[in-house]
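Residue-level structure breakdown
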Amino acid sequence: MNKIPFNLPLVIGNELSFIEEALKNKELIGDGYYSKRCQEWFKDNLGLAYSFMVPNCTQALEMAAILLNIENGDEVIMPSYTFVSTANAFVLRGAKIRFIDVNPETMNIDDGLIESAITDKTKAIVVVHYAGISCNMNNVIAIAKKNNIKVVEDAAQALGSKYNSKSLGSFGDIACFSFHGTKNYTSGGEGGLVVINNPELLERAEIIREKGTNRSKFYRGQVDKYNWVDLGSSYLPSEIQSSYLLAQLENFDLINKKRNEIWNKYYSRLTGVLHLELMNIPRENESNGHLFYVKLKDESERSDIIKHLNEYGISSAFHYVPLHSSQAGKKYSDFIGADKYTTVDSERLLRLPLYYDLTIEQVDYICDSLIKFWSGNV
Ligand SMILES: *Cc1c(COP(=O)(O)O)cnc(C)c1O
């Protein structure tokens, strides 16, 4: 049997014809035809009314930090179980991060703990929809409103997922998506999207993304020359990236369906297997099948299983090492309250291969191989 990698970036088939068209039409500079087509797609299909293509999700998060005027000494609340960029983007602006524990059911921020971490310096709550599964957004938004704090959704993994029938990325003041090659849809290996749901932030978002200038207004004929008016940087991706993504968006449902078939196959094959806790999808969610994980007894069993699966040619992977225990995390953050689940559950979480090109037969083989770890039936 051929080796089964942990992930393969998606190439659906029609990307090259979209890129060729962009080359033929000399549509290469950012914010051109393809960026606009992608942004329109998000509006028409996911209800994300104001979105901007960006070079990656890390920069979408950095834009969010500038947009929320994060300054030295401000505090931002988030889970420690996340990708480094979630925190780094805010630390770059001088923020102190206040990590709180995750809810072990979803590995998302435990919304019941948010209020205990709020002080008069708290500027934002950053939620991460881990595995494309929503945080408890009703409660997060209610807490934020009550305390006059902004909400950022790190929706890097969540494109196409819904919570109470509404797209993730449409709840927070700002939301950030990734089109990195490990995500469900990619703009050629690297890419991202920032979504502005709070209309008060829209005008500055455009300016920050255009090097701090009002160039977008100039192109719309609203000012007669453009100027440096605010902080900013260059957050435009190339049209090559956007044309690549558009090719995949045109196959959105097909891709989403296939990933969910794989997810469902894992779930049904592994249900009832002793020693395994399966990832779960809470009732309010429609999932995008971003990833499938299981929880094991402990870290040592996980290492043994990674080795065991490797012997069957299967690559599996653990995920985040909690940020509060990292070298930079110790410097720039505090963990508020007890670390009941973040560390122990991150140590026993194992992700199985899940990508568009994976076949149902391969999923069967992976499940058979995993189960053999305990049956000793090699
Ligand atoms: C992938 C990911 C990011 C970063 O995305 P890039 O596009 O690679 O910058 C940020 N946060 C989370 C939760 C992610 O999974």
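Position labels on residues start from 1 in each chain and follow its written sequence. Totals for whole chains, interfaces and linings use all residues, but because this is a predicted model, local features are given only for residues with pLDDT of at least 70 and pairs of side-chain atoms are given and counted only at 80 or more. Working from all heavy atoms in the structure, the side-chain values ignore hydrogens and water.

1. Section: the sheet that holds strand β2 (residues 75-79)
Put simply, the rule is: In short, DSSP must find at least two bridges between two strands for them to pair. Starting at the N terminus, helices and strands are each numbered in turn, a helix being any DSSP run of H or I of at least four residues and a strand any DSSP run of E of at least two. Working convention: axes come from line fits to C-alpha atoms, limited for helices to the stretch in contact. Angles between N-to-C directions cover 0 to 180 degrees. Only heavy atoms enter the contact rule, under which two residues are in contact if any of them lie within 4.5 Å.
The sheet built from 8 strands is open, its strands ordered β1-β11-β10-β7-β6-β2-β3-β15 with mixed pairing. The open sheet is flanked by β1 (51-54) and β15 (333-335), the only strands paired with a single partner. Each strand axis lies, on average, 20° off the axis of its neighbour in the sheet, ignoring direction. As defined by bridge partners, strand β7 (residues 150-154) adjoins strand β10 (residues 174-178) across 3 bridges and the pair is classed as parallel. Bridge pairing in β10 links glutamate 153 to alanine 175. Helix-sheet contacts for helix α3 (residues 57-67) involve β1, β7, β10 and β11 (192-196), and the interaxial angle to β10 is about 165°. Lying on the sheet, helix α6 (residues 137-147) is in contact with β6 (122-128) and β7; it crosses β7 at an angle near 150°.

2. A short note on the UniProt feature "active site" (unreviewed entry) in the protein chain
As a reminder, the rule being used: UniProt positions are given in the numbering used here, feature names are shortened, and annotations may be inferred rather than shown by experiment. Burial status follows relative accessibility: with a 1.4 Å probe on protein chains alone, a residue under 20% of its type maximum counts as buried, one over 50% as exposed, and anything between as partly exposed.
UniProt records the feature "active site" (unreviewed entry) for Lys183 in the present numbering. By secondary structure assignment, the location of lysine 183 is in the loop between β10 and β11. A relative accessible area of 17% places lysine 183 in the buried class. When neighbours within four sequence positions are excluded, lysine 183 is seen to be in contact with Ala156, Gln157, Ser178, Arg259 and His290.

3. Some thoughts on helix α2 (residues 33-46)
Which entries qualify depends on this criterion: Expected span of a helix, by definition, is 1.5 Å for each gap between consecutive residues, and there is one gap fewer than residues.
For α2, which comprises 14 residues, the first-to-last C-alpha distance of 20 Å matches the rise-based estimate of 20 Å (1.5 Å per residue) to within 8%. Once α2 finishes, glycine 47 follows within two positions and takes phi at roughly 70°, a positive value.

4. Concerning the site of the ligand
As a reminder, the rule being used: For this description, a residue counts as near a given molecule or strand if any of its non-hydrogen atoms is within 4 Å of it. Two N or O atoms count as a polar contact when they lie within 3.5 Å, although within protein this holds only if one can serve as hydrogen donor and the other as acceptor, and sequence-adjacent residues are included solely when both atoms are side-chain atoms. Accessible surface area values rest on a Shrake-Rupley calculation with a 1.4 Å probe, where residue burial reflects the displayed protein chains alone. In the scheme used here, Gly and all other residues not listed as nonpolar or charged are polar, with Ala, Val, Leu, Ile, Met, Phe, Trp, Tyr, Cys and Pro taken as nonpolar and Asp, Glu, Lys and Arg as charged.
What surrounds the ligand is a group of 14 residues, the closest being Cys57, Thr58, Asp154, Ser178 and Lys183. In the model, an oxygen atom of the ligand is placed 2.9 Å from a nitrogen or oxygen of the glutamine 157 side chain. Relative to its unbound accessible surface of 380 Å², the ligand loses 93% to contact with the protein. Residue classes in the shell around the ligand are distributed as 5 nonpolar, 7 polar and 2 charged.

5. Remarks on the domain arrangement of the protein chain
Our working rule: Where each domain begins and ends is defined by an automated method or by a domain database. As used here, buried area is the combined drop in accessible area, with a 1.4 Å probe, of two parts when they are placed together. Should a side-chain nitrogen of Lys or Arg be within 4 Å of a carboxyl oxygen of Asp or Glu, the pair is scored as a salt bridge.
Domains assigned within the protein chain are domain 1 (14-247) and domain 2 (252-376). One C-alpha centre belongs to domain 1, the other to domain 2; they are set 26 Å apart. With 41 residues of domain 1 at the interface, the matching set in domain 2 holds 37 residues. Where domain 1 abuts domain 2, roughly 3500 Å² becomes buried across the two surfaces, and 58% of that area is made up of carbon and sulfur atoms. At the junction of domain 1 with domain 2, the criterion picks out 0 salt bridges. Run the count over domain 1 and domain 2 and you get 23 residue pairs in polar contact (both at pLDDT 80 or more). Contributions of two or more residues to the side of domain 1 that touches domain 2 are made by α2, α4 (84-91), β3 (96-100), α5 (114-117) and β8 (162-163). Top contributing element to the side of domain 1 that touches domain 2 by residue count: β3, with 5 residues. Here the residues of the side of domain 1 that touches domain 2 are counted per class, giving 22 nonpolar, 13 polar and 6 charged.

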